[in-house]
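Examining the three-dimensional arrangement
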Amino acid sequence: MKQDVAEAGPDPVDVRLGARLSELRAERGWSLGELAERSGVSRSTLSRAERAETSPTASLLNRLCGVYGRTMSQLLSEVEAEPALLVPAAEQQVWQDRASGFARRSVSPPHAGLRGELVEGRLTAGADIAYDRPPVPGLEQHIWVLEGALEVTAQEREHHLGTGDCLRLRVWGPTRFRCAGPDDVRYVLAVVLP
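Residues numbered from 1 in each chain as written. Predicted model: local features only at pLDDT ≥ 70, side-chain atom pairs only at ≥ 80, totals over all residues. Heavy atoms only, no water.

**Points about the sheet that holds strand β7 (residues 157-161)**
Taking strand neighbours across the sheet as the criterion, the 4 strands line up as β4-β9-β6-β7 in an open arrangement whose pairing is antiparallel. The open sheet terminates on both sides in strands that have one partner only, identified here as β4 (128-131) and β7. Sheet twist, expressed as the average angle between the axes of neighbouring strands with direction ignored, equals 15°. Bridge analysis of strand β6 (residues 150-154) against β7 gives 5 bridges, and the strand direction is antiparallel. By the bridge assignment for β7, L150 is matched with L161. (Pairing = 2+ DSSP bridges. Helix = DSSP H or I, 4+ residues; strand = E, 2+ residues; numbered from the N terminus. Axes fitted to C-alpha atoms, helices over the stretch in contact; angles between N-to-C directions.)

Here you go:
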């Protein structure tokens, strides 16, 4: 007996493709209405495609690829593989900025089909990192201090976090992370795309 498509749920590739289309729109700061004007596709069709309520047609994808400046092959390659369900600690990528005293571990590597990721940050005592802008305006961040103390400045407001404290914010402009010491700080950064 063949299972009904509605009971089986949306195709996983359509889900990843919809999420990627939503990300591309958000990266540009466009509303569904703005994308509809640029692509000539109705808002409702775009919304249904982003939510994987419908499988996008080749024609629809071709229009969107034109708007986003990529080929269909490029777009589809961005959603081919499922993200890993388990990322062993030994396989988590660590990047270090030795000059500033910052280490960043990608606990859950980012994937085009997902909106969130977890990062472990470590700052040595005295380390001070400033970012002039977020990679994506409106990026949501949750900063949870595991050990030590951290000063976070965002939207011209300074926040002092101690062990166990958690700060949630949306990043629109410059931010600064500072470990005043005397000990190093270790924190979890949960990043969620708008």
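**Looking at helix α4 (residues 43-50)**
Those residues of α4 not exposed but buried are L46, S47, A49 and E50. Across the axial projection of α4, the buried residues extend over an arc of 165°, all falling on one side. Elements that come into contact with the buried residues of α4 comprise α2 (12-28), α3 (32-39) and α5 (58-68). Just beyond α4, the residue with positive phi is A52, at close to 60°. (Buried < 20%, exposed > 50% of the residue type's maximum accessible area, 1.4 Å probe, protein only. Arc of directions from axis to C-beta. Contact = heavy atoms within 4.5 Å.)

**Focus: the sheet that holds strand β10 (residues 185-192)**
With respect to topology, 6 strands assemble into an open sheet ordered β1-β2-β3-β10-β5-β8, the strand pairing being antiparallel. Each having just a single partner strand, β1 (94-97) and β8 (166-171) make up the two edges of the open sheet. Pairs of neighbouring strands in the sheet enclose a mean axial angle of 20°, with direction left out of account.

**What about the packing of α3 against α5?**
Packing of α3 against α5 leaves a shortest axis separation of 9 Å and a crossing angle of 100°. With respect to each other, α3 and α5 are oriented roughly perpendicular. Residue-level inspection shows L35, R38 and S39 of α3 in contact with α5, the latter providing R63, L64, V67 and Y68. Of the residues that constitute the contact of α3 with α5, the class distribution is 4 nonpolar, 1 polar and 2 charged. (Parallel < 35°, antiparallel > 145°, perpendicular 65-115°, else oblique. Nonpolar A, V, L, I, M, F, W, Y, C, P; charged D, E, K, R; others polar.)

**With respect to the packing of aromatic side chains**
For the structure shown, the criterion picks out 4 aromatic pairs. With centroids separated by 5.9 Å and ring planes inclined at 15°, the aromatic side chains of W30 and Y68 adopt a geometry described as stacked. Here Y68 lies in helix α5 and W30 lies in the loop between α2 and α3, a separation of 38 residues in the sequence. For W30, a relative accessible area of 14% gives the class buried. (Phe/Tyr/Trp six-rings, centres within 6.5 Å; stacked < 30°, edge-to-face > 60°.)

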